Amino acid sequence: MTPPPFIPSYLPETPSQTAGPYVHIGLIPEQAGFEIFENNFSGNIAGPDVAGERIIIEGRIFDGAGHVAKDVLVETWQANAAGRYNHPADTQNKALDHGFRGWARTGTDFVTGLYTIRTIKPGSVVGRKGRKAMAPHVNFWLASRGINIGLATRMYFGDEEAANSDDPVLNIIEQPERRKTLVAPRSERDGAIIYTFDIHLQGDRETVFFDV
Amino acid sequence: MTPQAEFHQRNRDIHPPAHTPVYKTSVLRSPRIPLWSLQNSLSEVTGPIFSADELGPLDNDLVLNYAKQGEAIGEQTIVHGYVLDGNGQPVSNTLVEVWQANAGGRYRHRNDTYIAPIDPNFGGCGRMLTDERGYYFFRTIKPGAYPFRNRINSWRPAHIHFSVFGTGFVQRLITQMYFEGDPLIPHDSIIATIPDKSAADRLTARLDLNSSRPLECLAYRFDIVLRGRRQTLFENKLQGG
Ligand SMILES: [Fe+3]
């Protein structure tokens, strides 16, 4: 076996700092109250040509006192309907959907505290090192005032009970009741499929966050 | 890019912990249960990719990208540097986004009510892709300091907020850049959330006179390091059996 190449030293990562109360200026200028760029990133990522079931993911984010956090940046990263990420490291033998990047960005609303992602339901992705498949899920990343380093979590789908109970990531969470913090119930409203994913930053119902 | 190359585990000691009472807002927004350690799967080693045609030609020029009747007011400044990973490799074609207050310390944001005036010609945000060497640059005006409600008399040193992607979603980083010599740096409650003094010091951009434009524009140098990947040679040999 070839030994790993000798690397004399590693560069330490640049430390994180809070995104602050005005994160919207840089990342969601429209929410800050102005228009500047011609192209804007958004939470509405399922264009007309994208394959898959249209869904809305929505929810609120609560702090440790139960207050709704109304200034949080929410980003999601997911596979396409076939269960493949639009990225060169994903070499699964599944169809790519070139019109679907799989990344969404939005903010919780200043008044209601609700965030909304309009996307498609992802397929199941192969697990770590090609092992057991992971249940369909959406990767979340949160940043805001008061959050010193971005928080990573995952949303699973409430109607995927069998796949969820077999999911290699949910199953590393020791307490079964804490796994439920990652599962979003499915409902219908005005003909749209809604998954409600509330996130608790702290407290009795604290969401599971990952050190990824 | 090698498929499935995993990232080194994040060294949490160089980052601020979630709960930092010196920065009061963190107290109720910090998870108290330890994070669950999750080894990398495809969901972690992949991440969004952006292309140059999504950006406009003035997106990295904050002096001009919101100019209505003239240029933004303030000290014209170039900020530039390299985005590297922990192995010293350039992170090319990655999206870097920046935002900041204007020269008076006021943000163009509906929630900012500070007394300093809005500059009609300054938006306060920009974005760019690194080139194949990981290099980025943008032109802006130097932001002013501003007060914030933390302690009675808390002021932020002049700073620029940075958002960077990398190639995998777990490299995602938001941080802030400060300016060498700012007397507010030792008094700042946000910098103080970082326990490691040398780590905090890496957020201070150095004056770079050689890159300034004589009679026009000063320059500051700010390099950014994202998490590195494991050496894939070793991985491949293991997998090949
Ligand atoms: Fe700021």
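Details of the structure are given in the entry above.
Residues numbered from 1 in each chain as written. Chains lettered and ligands numbered in written order. Predicted model: local features only at pLDDT ≥ 70, side-chain atom pairs only at ≥ 80, totals over all residues. Heavy atoms only, no water.

(A) Region of interest: the overall build of chain B. Across its full length, chain B carries 3 helices and 12 strands. On C-alpha atoms alone, chain B measures out to a radius of gyration of 19 Å, which is about the 18 Å that the 2.2 N^0.38 rule sets for 241 residues. Overall size of chain B, expressed as C-alpha extent along the three principal axes, is 65 × 40 × 35 Å. Counting over 241 residues, chain B shows a buried share of 56%. Total accessible area on chain B is roughly 10,500 Å²; 54% of this is exposed by carbon and sulfur atoms. (Helix = DSSP H or I, 4+ residues; strand = E, 2+ residues; numbered from the N terminus. Rg over C-alpha atoms; globule rule 2.2 N^0.38 Å. Buried < 20%, exposed > 50% of the residue type's maximum accessible area, 1.4 Å probe, protein only. Areas by Shrake-Rupley, 256 points an atom, 1.4 Å probe, with all protein chains shown as cover.)

(B) Examining the interface of chain B and chain A more closely. Across the contact, 96 residues belong to chain B and 86 residues belong to chain A. Taking both sides of the interface into account, the surface hidden between chain B and chain A amounts to around 8,200 Å²; carbon and sulfur atoms contribute 61%. For the chain B face of the interface with chain A, the top three residues by lost area are R29, W36 and L38 of chain B, together amounting to 12%. Where chain B meets chain A, there are 47 residue pairs in polar contact (both at pLDDT 80 or more). (Contact = heavy atoms within 4.5 Å. Buried area = accessible area lost by both parts, 1.4 Å probe. Polar contact = N/O pair within 3.5 Å; in protein donor to acceptor, adjacent residues only side chain to side chain.)

(C) Region of the structure containing unusual backbone geometry. The phi dihedral of D190 of chain A is positive, around 50°, even though this residue is not glycine. For D190 of chain A, the position within the fold is in the loop between β8 (186-189) and β9 (192-196).

(D) A look at the nonpolar core. Core analysis: the biggest nonpolar cluster contains 85 residues, and F210 of chain A together with W99, Y136, F138, F162, F222 and I224 of chain B have the highest contact counts within it. Listed in part, the 28 residues of the second largest apolar core include V50, I61, L142 and F209 of chain A. (Core = buried A, V, L, I, M, F, W, Y, C linked by side-chain atoms within 4.5 Å.)

(E) Spatial organisation of the coordination of the iron ion. Within the protein, the atoms that donate to the iron ion are Y107 of chain B (OH), Y146 of chain B (OH), H159 of chain B (NE2) and H161 of chain B (NE2), at distances of 1.9 to 2.2 Å. Coordination geometry of the iron ion: the 4 donor atoms subtend angles of 91 to 163° at the metal centre, consistent with an arrangement described as irregular. (Donors = N, O, S within 2.8 Å, 3.2 Å for Na, K, Ca; no water. Tetrahedral: all angles 85-135°; square planar, octahedral: opposite > 155°, others 65-115°.)

(F) Quick look at the environment of G228 of chain B. Residue and element names in this part refer to chain B. Within the secondary structure, G228 sits in the loop between β12 (224-226) and α3 (232-240). Given the relative accessible area of 5%, G228 is considered buried. Sequence separation between G228 and A101 is 127 residues; the distance between their C-alpha atoms is 32 Å. Setting aside residues no more than four positions away along its own chain, G228 makes contact with F7, H8, D85, G86 and N87.

(G) The packing of aromatic side chains, seen in detail. Throughout the structure, instances matching the rule amount to 20 aromatic pairs over all chains. Put simply, the rings of F41 and W103 of chain A together with F50 and F165 of chain B touch in pairs and so form one group of aromatic residues. We note R127 of chain B situated over the ring of F37 of chain A; from NZ or CZ to the ring centre the distance is 3.9 Å. When the ring centre of F148 of chain B is taken as origin, the NZ or CZ atom of R156 of chain B, which lies over that ring, is 6.0 Å away. (Phe/Tyr/Trp six-rings, centres within 6.5 Å; stacked < 30°, edge-to-face > 60°. Lys NZ or Arg CZ within 6 Å of the ring centre and 35° of its normal.)

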